[in-house]
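Structural features, examined
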Amino acid sequence: MAANGNGVSTTPKSPLARIQTQKNGGICHDDSGKPVKAQTIDELHSLQRKRSAPTTPLDGVQGAFATISEDERQRQQLQSISASLASLTRGTGPKVVRGDPAGKVQSVSHVAHHHHIEAPTISVSDSSLKFTHVLYNLSPAELYEQAIKYEKGSFITSTGALATLSGAKTGRSPRDKRVVIDDTTQDELWWGKGSPNIEMDEHTFMVNRERAVDYLNSLDKVFVNDQFLNWDPQNRIKVRIVSARAYHSLFMHNMCIRPTPEELENFGTPDFTIYNAGQFPCNRYTHYMTSSTSIDLNLARREMVILGTQYAGEMKKGLFSVMHYLMPMRQILSLHSGCNMGKDGDVALFFGLSGTGKTTLSTDHNRYLIGDDEHCWSDNGVSNIEGGCYAKCIDLSRDKEPDIWNAIKFGTGEILSLVLENVVFDEHSREVDYGDKSVTENTRAAYPIEFIPNAKIPCVGPHPKNVILLACDAFGVLPPVSKLSLAQTMYHFISGYTALVAGTEDGIKEPTATFSACFGAAFIMLHPTKYAAMLAEKMQKHGATGWLVNTGWSGGSYGSGNRIKLPYTRKIIDAIHSGSLLNATYHKTEVFGLDIPTEIEGVPSEILHPENTWADKKAYKETLLKLAGLFKKNFETFTNHKIGKDNKLTEEILAAGPNF
Ligand SMILES: Nc1ncnc2c1ncn2[C@@H]1O[C@H](COP(=O)(O)OP(=O)(O)O)[C@@H](O)[C@H]1O
Ligand SMILES: C=C(OP(=O)(O)O)C(=O)O
Ligand SMILES: [Ca+2]
Ligand SMILES: [Mn+2]
């Protein structure tokens, strides 16, 4: 007789299957599998989760390496987090416990618990009495669960990425950034016209800090990430990020350097702390505030407060500003650049403003990726500041950007851990439509750098051989590539030109020129000439060549011409890396005086000089002069600043701009 394991006949004689029972007293004893060890459903569920092994042997090691007990270490960790969350309403800080308030289980923290922490069973609204549950350095899988359970707009896409929404803000808010001015920062930092540092006083910072901390303390739970910045071990910075959303915690998990369990045990006090209370607005009646968004940096307190924006990029770029202060103090140059390395150890830097191609061009299947956005250049070479990449994914295609495409899914040996911001997907298949701009043009994917197959781990490399300045010229008059002298490199580095296209809004046809000193004025803290002088010195010392690459328009301005094809730009970049472009024949352009090659393998020669690609030569000349005028006007503010030890380089830089 054919019967399945439950004794149900599969060849019923009557229309309904008859249950065959055994003869021994009418009681079923036909379960073929071993019974589970659990006596109750709760027990069964608790069996599902195995405790993570403690990383330090509990009895510790004797002698010089003796470690504190696990209980003591956890007590110290909670004390440190409690101190981070201190506010006046809780003089001594909130009562902090670890774990998810929703479950009785404490297993969300991956350090084994050897004592049971009693959480209150009734909810108490008075913040000085309530508990704040701390979800400390959760794993991506745990953060996925938190996001899916509690954060509206969280979904898993067909490739396993976590899709989220950042709310009303889908980009950075540079005009809402404030920096505390005190006796030290007043002299050290760059203030005034052109500077990104808009001042606020210490007291106002504390007002916003208290607002953010009180908001965080009012919640049932907060996420705390303890992580690192900078792959250079001698200049590593410990950061703590306190946030209200699993999405923010996962984003920083991916973007900062992830500590090993051992490193986490010995983490101690952070060097810098972010309070991200982005869901809660600032009070616009507060002095120095001009909107409901505020991103406040206090270098003396080593703290940053975020109110009124949930755009995750604010955290990574906020920390980048901090590095732009801390690193130059140690004679290390911080760079808003991507960075990769060839098989022979030749390193290239890719400077550029947002959307010019740092991430796209540094992610190159034939080279090792050191990082896509933030680096340091010290006497030992280059190091990535971050542990992940943050790629723009509008119109992302598998053909043109295969490594980024493939990074947006399960990673080898790692559970899905990726954030896809503001993308649109099919409600059933969960397939992402990268062409959809319904939420924003600035859709993003944040993934750990290991998701790129050729990542160079640890993310460090020798001194750069090529320094590539990327400009997305929507006027269509800059050549696709030109070789720069050191003075020209400095001129273009200080200028930091790119052009924004007005986007898809109708009525706006003119591209807008943007000049952002050091290709990242929004993040620099000192005067641009300080960074420029360091760059000049390093390039000179290590014999690096500068290049200007236009990743923007050709054959006319935005509206009539077209964006230079990515495969052509890649060929240009290949020729820079291989060294073949150094040996090309060059001729000088008028007005900008740029040296352009006559030939590059794989690139049609006629596009190398932009004039050839314009049907209307008069319009070309007019547009060229217009852009040159904008460069001249922008550079006026820098003419009184000296770069280098004598005036020689400064004079050369001034002469390296457009002449007309
Ligand atoms: N010729 C080109 N060179 C570089 N990027 C291009 C080019 N044409 C189109 N793009 C697109 O421009 C965008 C560049 O963005 P991204 O690399 O993220 O810039 P960044 O990292 O500098 O902010 C990508 O979406 C890329 O596909
Ligand atoms: C995240 C950003 O960086 P980028 O566009 O340079 O990749 C940003 O500028 O907000
Ligand atoms: Ca980028
Ligand atoms: Mn960037």
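Every value quoted in this text rests on a predicted model; they were computed, and no experiment measured them. (Residues numbered from 1 in each chain as written. Chains lettered and ligands numbered in written order. Predicted model: local features only at pLDDT ≥ 70, side-chain atom pairs only at ≥ 80, totals over all residues. Heavy atoms only, no water.)

Here we look at the overall build of the protein
Stated precisely, the cut-off is as follows: Only DSSP runs of H or I with at least four residues qualify as helices, and only runs of E with at least two residues qualify as strands; both kinds are numbered from the N terminus onward. Exposure classes here rest on a 1.4 Å probe applied to the protein chains alone. A residue is buried below 20% of its type maximum, exposed above 50%, and partly exposed in between. Contact criterion: two residues are considered in contact whenever any of their non-hydrogen atoms come within 4.5 Å of each other. Here the accessible surface of atoms and residues is derived via Shrake-Rupley with a 1.4 Å probe, and residues count as covered only by protein chains that are part of the display.
Looking only at helices and strands, the protein has 16 helices and 32 strands in total. For the protein, with 660 residues in total, the buried portion stands at 54%. If you take every contact in the protein between residues at least 6 apart in sequence, the share linking residues at least 24 apart comes to 72%. In the form shown here, the protein has an accessible surface area of approximately 30,100 Å², with 53% of it arising from carbon and sulfur atoms.

Quick notes on the site of ligand 2
This is how it is decided: Put simply, a residue is near a molecule or strand once any heavy atom of it comes within 4 Å of that molecule or strand. Any N or O atom pair separated by 3.5 Å or less is treated as a polar contact, with the protein-specific requirement of one donor-capable and one acceptor-capable atom, and with residues adjacent in sequence counted only for side-chain atom pairs. Polar here means any residue other than Ala, Val, Leu, Ile, Met, Phe, Trp, Tyr, Cys and Pro, which are nonpolar, and Asp, Glu, Lys and Arg, which are charged; Gly is therefore polar.
What surrounds ligand 2 is the set R172, Y311, K316, K317, H336, S354, K358, D373, Y390 and R444. Within the side chain of Y311, an N or O atom sits 3.4 Å from an oxygen atom of ligand 2. Protein contact buries 95% of the 290 Å² of open area that ligand 2 shows by itself. Of the residues in the shell around ligand 2, the class split is two nonpolar, two polar and six charged.

A look at the coordination of the manganese ion (ligand 4)
How we decide: Metal coordination here is assigned from N, O and S atoms located within 2.8 Å of the ion, or within 3.2 Å for Na, K and Ca; omission of water means that sites may look incomplete.
Those protein atoms acting as donors to the manganese ion (ligand 4) are H336 (NE2) and D373 (OD), and they sit at 1.8 to 2.7 Å. Separating the manganese ion (ligand 4) and the calcium ion (ligand 3) is a distance of 4.0 Å. A residue pair is termed long-range when its members are at least 10 positions apart, and H336 in the loop between β12 (333-335) and β13 (337-341) and D373 in the loop between β15 (368-371) and β16 (375-378) qualify at 37 residues. Residue classification places H336 among the buried positions, given a relative accessible area of 3%. Judged by relative accessible area, which is 5%, D373 ranks as buried.

Section: the sheet that holds strand β5 (residues 177-180)
Stated formally: The criterion for strand pairing is that DSSP finds at least two bridges linking the strands in question. Axis definition: a line fit to C-alpha positions, over the contact stretch in the case of helices; interaxial angles, taken between N-to-C directions, run 0 to 180 degrees.
Read from one edge to the other, the open sheet built from nine strands follows the order β1-β2-β7-β8-β9-β11-β10-β5-β6, with strand pairing classed as mixed. Single-partner strands in this sheet number two, and they are β1 (95-98) and β6 (199-200). Judged from the two bridges that link them, β5 and β6 form a sheet pairing that is parallel. When the bridges of β6 are listed, V179 appears paired with E199. Here helix α2 (residues 70-84) sits on the sheet in contact with β1, β2 (131-136), β7 (221-229), β8 (237-243) and β9 (272-277), set at roughly 130° to β1. Where helix α5 (residues 202-218) meets the sheet, it contacts β2, β5, β6, β7, β8, β9, β10 (294-298) and β11 (303-307), and its direction lies at approximately 65° from that of β11.

Brief notes about the side chain of D226
Tracing the backbone shows D226 in strand β7. Owing to a relative accessible area of 0%, D226 belongs among the buried residues under this scheme. A distance of 2.6 Å separates the side chain of D226 from the side chain of Y136, its partner in a polar contact. Within the structure, the side chain of D226 is placed 2.8 Å from the side chain of R240, a separation counted as a polar contact.

Concerning the confidence of the model for the protein
Stated formally: Known as pLDDT, the predictor's per-residue confidence is scaled from 0 to 100.
Residues with a pLDDT of 70 or more make up 84% of the protein, whose mean pLDDT is 87. Predicted confidence is poor over residues 56-64, with pLDDT under 50, and the contacts of this stretch with residues over four places away or in other chains come to seven contacts. Here residues 104-124 scores under 50 on pLDDT; set against residues more than four positions off or in separate chains, the count is 40 contacts. With pTM at 0.88, the complex prediction returns an ipTM value of 0.95.

Regarding the sheet that holds β12
Within the open sheet, the four strands sit side by side as β12-β16-β17-β23. Their pairing is antiparallel. The open sheet has two edge strands with one neighbour each: β12 and β23 (460-461). Direction of pairing for strand β17 (residues 381-384) relative to β23: antiparallel, over a ladder of two bridges. Following the sheet pairing, S383 is matched in β23 by V460.

Re a nonpolar patch on the surface
Threshold: Patch membership requires more than 30% relative accessible area and the absence of a salt bridge. Residues of like charge join within 9 Å; the nonpolar side chains Val, Leu, Ile, Met, Phe, Trp and Tyr join within 5 Å. Counted as salt bridges are all cases of a side-chain nitrogen of Lys or Arg within 4 Å of a carboxyl oxygen of Asp or Glu.
Together, I41, L44 and L47 make up an exposed nonpolar region whose accessible area comes to about 280 Å². Take I41: it is sitting in helix α1 (residues 41-48). For I41, a relative accessible area of 58% translates into the label exposed.

Considering the domain arrangement of the protein
We count it as follows: In this entry, domain limits derive from an automatic or database-based domain assignment. Buried area, as used here, totals the accessible surface that two parts lose on assembly, with accessibility defined by a 1.4 Å probe and the loss added over both.
In terms of domains, the protein is made up of domain 1 (69-105 + 129-331) and domain 2 (464-655). Contact residues are listed per partner, giving 18 residues for domain 1 and twelve residues for domain 2. For the pairing of domain 1 and domain 2, the buried interface totals around 1,400 Å² over both sides, and the portion due to carbon and sulfur atoms is 70%. Inspection of the region where domain 1 meets domain 2 yields zero salt bridges. In this assembly, domain 1 and domain 2 are joined by four residue pairs in polar contact (both at pLDDT 80 or more). Of all the secondary structure elements, the ones that give two or more residues to the side of domain 1 that touches domain 2 are β5 and α8 (313-329). Ranked by residue count, the leading element in the side of domain 1 that touches domain 2 is α8, at six residues.

With respect to the pattern of salt bridges
This structure, assessed with the given rule, holds 19 salt bridges. Two residues, E374 and K316, come together in a salt bridge whose shortest N-O distance is 3.4 Å. In this pair, E374 sits in the loop between β15 and β16 while K316 sits in helix α8, placing the two residues 58 residues apart along the sequence. Taking the relative accessible area as the measure of exposure, E374 reaches 1% and is therefore buried. Given the relative accessible area of 4%, K316 is considered buried. Here E441 ties to K437 by a salt bridge, and the two come within 4.0 Å at their closest N and O atoms. Under the relative-accessibility criterion, E441 is labelled partly exposed at 37%. Given the relative accessible area of 35%, K437 is considered partly exposed. A single salt-bridge network, built from bridges that share partners, covers K316, K317, D373, E374 and E386.

Some words on the state of the cysteines
Convention followed: Disulfides are defined in this document as cysteine sulfur pairs within 2.5 Å.
Counted by the stated rule, this structure contains zero disulfides. Left unpaired, C339 is separated from the closest cysteine sulfur, that of C459, by 9.5 Å. The thiol sulfur of C459 is not disulfide-bonded, and the nearest other cysteine sulfur, from C389, lies at 8.2 Å.

Overview of helix α11 (residues 486-495)
Of all ten residues in α11, nine are buried; the element is thus mostly enclosed. For α11, the full list of buried residues reads A487, Q488, T489, M490, Y491, H492, F493, I494 and S495. The positive-phi residue at the C-terminal boundary of α11 is G496, with phi of around 60°.

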